[in-house]
Amino acid sequence: MRNQVISLYDYTGEALRPWAEAGYSCYAYDIQHERFAHDIQHDGGRMEGNITYVYADLYNSDTLLEIIARHESKACFMSAFPPCTNLAVSGSRWWKKKAEANPHFQTEAALHVQRCMLVGTALGCPFYIENPIGALTRLWRKFDYTFNPCDFGGYLPEDDVHPRYPEVIPPRDAYRKKTCLWTGGGFNMPRPNAVAHETLTYERKDPKKGKAFSPVHGKTGGKSLRTKNIRSATPRGFAKAVFLANADHTWVNTEESVLGGVRDYGNGVIVKGYIQ
């Protein structure tokens, strides 16, 4: 039975949370997770509900092959968030210096993205790969979709508070961060349900660059791992929308019933049956 959801380069697990709450077995692979004695061919890893956080060096081709072997014929969805440090246009001012140190730095970064596509294709399930506006369109191909987090904020309740970074990420993902998606395997792009975005105002040295900032960019900066994790955290409204648009809501467990075989996901979205 295909009831496993895979997420690559995923530290927070937010992309998996709607699936996990619906009973799917979810796996977040990232090199930041705690390393256990078990290898990834077993269920070694920290568990949080139905999400297993697994240490994995995803730059290693053997690791990707092990993930495919573990989940093939079982995976029903995959997401991937490969590093964008050497690809995002926001870092273009450093490209020349990086190229002097390593002329192939962007080709190597794009290769990691393309390998995510190969994993999704091998698993035979719908998938998306996320990266910001940048060099990928030149080094690989044009994206399939773009969105801002606020485009899907309406999928979150009105009293929403971010569970990990409430001091940075506004309630209901009410911020802009243009994000590109490369998709495959029959991925269904969900319908937007937008909320108004928030902005912060700062005085800048170069007035031509404007004063308005997204709260997430305005309240984070530098090269710290925390900044990278906050900026790369999957918008929860988008994650919920993707789940609703792509999950197979087949009732499997007949021993238990939730609301008589119906699950209420809020915001007027009620789904008959879900994987348990």
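Everything here concerns the structure above.
Residues numbered from 1 in each chain as written. Predicted model: local features only at pLDDT ≥ 70, side-chain atom pairs only at ≥ 80, totals over all residues. Heavy atoms only, no water.

A. Representation of the side chain of aspartate 173 in the model. In this fold, aspartate 173 is placed in the loop between strand 7 (145–147) and strand 8 (179–184). Despite its burial, aspartate 173 remains without a salt bridge, the nearest opposite charge being carried by arginine 236 at 4.0 Å. Aside from chain neighbours lying at most four places away, what touches aspartate 173 is Pro149, Cys150, Leu156, Pro235, Arg236, Gly237 and Phe238. (Helix = DSSP H or I, 4+ residues; strand = E, 2+ residues; numbered from the N terminus. Buried < 20%, exposed > 50% of the residue type's maximum accessible area, 1.4 Å probe, protein only. Lys, Arg positive; Asp, Glu negative; His and termini not counted. Salt bridge = Lys/Arg side-chain N within 4 Å of Asp/Glu carboxyl O. Contact = heavy atoms within 4.5 Å.)

B. Structural context of the side chain of aspartate 160. With respect to the helices, strands and loops of the structure, aspartate 160 is situated in the loop between strand 7 and strand 8. With a relative accessible area of 8%, aspartate 160 lands in the buried category. When near neighbours in sequence (up to four residues on either side) are disregarded, aspartate 160 contacts Pro171, Arg172 and Arg236.

C. Helix 8 (residues 236–246), seen in detail. Of all the eleven residues making up helix 8, ten are buried; the element is thus mostly covered by neighbouring parts of the structure. For helix 8, the complete set of buried residues consists of Arg236, Gly237, Phe238, Ala239, Lys240, Ala241, Val242, Phe243, Leu244 and Asn246.

D. Structural view of the nonpolar core. Core analysis: the biggest nonpolar cluster contains 57 residues, and Ile6, Leu8, Trp19, Tyr24, Tyr29, Met78 and Tyr128 have the highest contact counts within it. A total of seven residues in this core trace back to one element, the largest contributor, which is helix 4 (residues 105–123). In terms of nonpolar packing, the next biggest core, distinct from the first, is built from six residues, Val168, Tyr175, Ile230 and Ala233 among them. (Core = buried A, V, L, I, M, F, W, Y, C linked by side-chain atoms within 4.5 Å.)

E. Geometry of the packing of aromatic side chains. Per the counting criterion, the structure on display carries 18 aromatic pairs. Plain terms: the ring middles of phenylalanine 81 and tyrosine 128 are 5.9 Å apart, the flat faces sit at 80 degrees to each other, and that makes the pair edge-to-face. Taken together, the positions of phenylalanine 81 in the loop between strand 5 (75–80) and helix 3 (95–101) and tyrosine 128 in strand 6 (residues 127–132) put the pair 47 residues apart, joining distant regions of the chain. Judged by relative accessible area, phenylalanine 81 falls into the buried class, the value being 9%. Among the residues examined, tyrosine 128 registers a relative accessible area of 2% and is labelled buried. (Phe/Tyr/Trp six-rings, centres within 6.5 Å; stacked < 30°, edge-to-face > 60°.)

F. Helix 4, seen in detail. Relative to the 27 Å expected for 19 residues at 1.5 Å per residue, helix 4 spans 28 Å between its end C-alpha atoms, a close match to the ideal helical length. Within the sequence span of helix 4, burial applies to Phe105, Gln106, Ala109, Ala110, His112, Val113, Cys116, Val119, Gly120 and Leu123. Each buried residue of helix 4 lies within a common arc of 160 degrees when the element is viewed along its axis, so the set occupies one face. Opposite the buried face of helix 4, at more than 90 degrees from it, the exposed residues are Leu118 and Thr121. (Expected span 1.5 Å × (residues − 1). Arc of directions from axis to C-beta.)

G. Just the pattern of salt bridges, in detail. All told, the structure shown has seven salt bridges when counted by the stated rule. Of the charged contacts, one joins glutamate 14 and arginine 164 as a salt bridge, the two residues approaching to 3.4 Å between their closest N and O atoms. Here glutamate 14, found in the loop between strand 1 (4–8) and helix 1 (17–21), pairs with arginine 164, found in the loop between strand 7 and strand 8; they are 150 residues apart in sequence, far enough to count as distant. A relative accessible area of 3% places glutamate 14 in the buried class. Across the pair glutamate 130 and lysine 177 runs a salt bridge whose closest N-O atoms are separated by 3.9 Å. Of the two residues, glutamate 130 is situated in strand 6 and lysine 177 in the loop between strand 7 and strand 8; the sequence distance between them amounts to 47 residues. Side by side, glutamate 130 and lysine 177 carry an identical accessibility label, which is buried.

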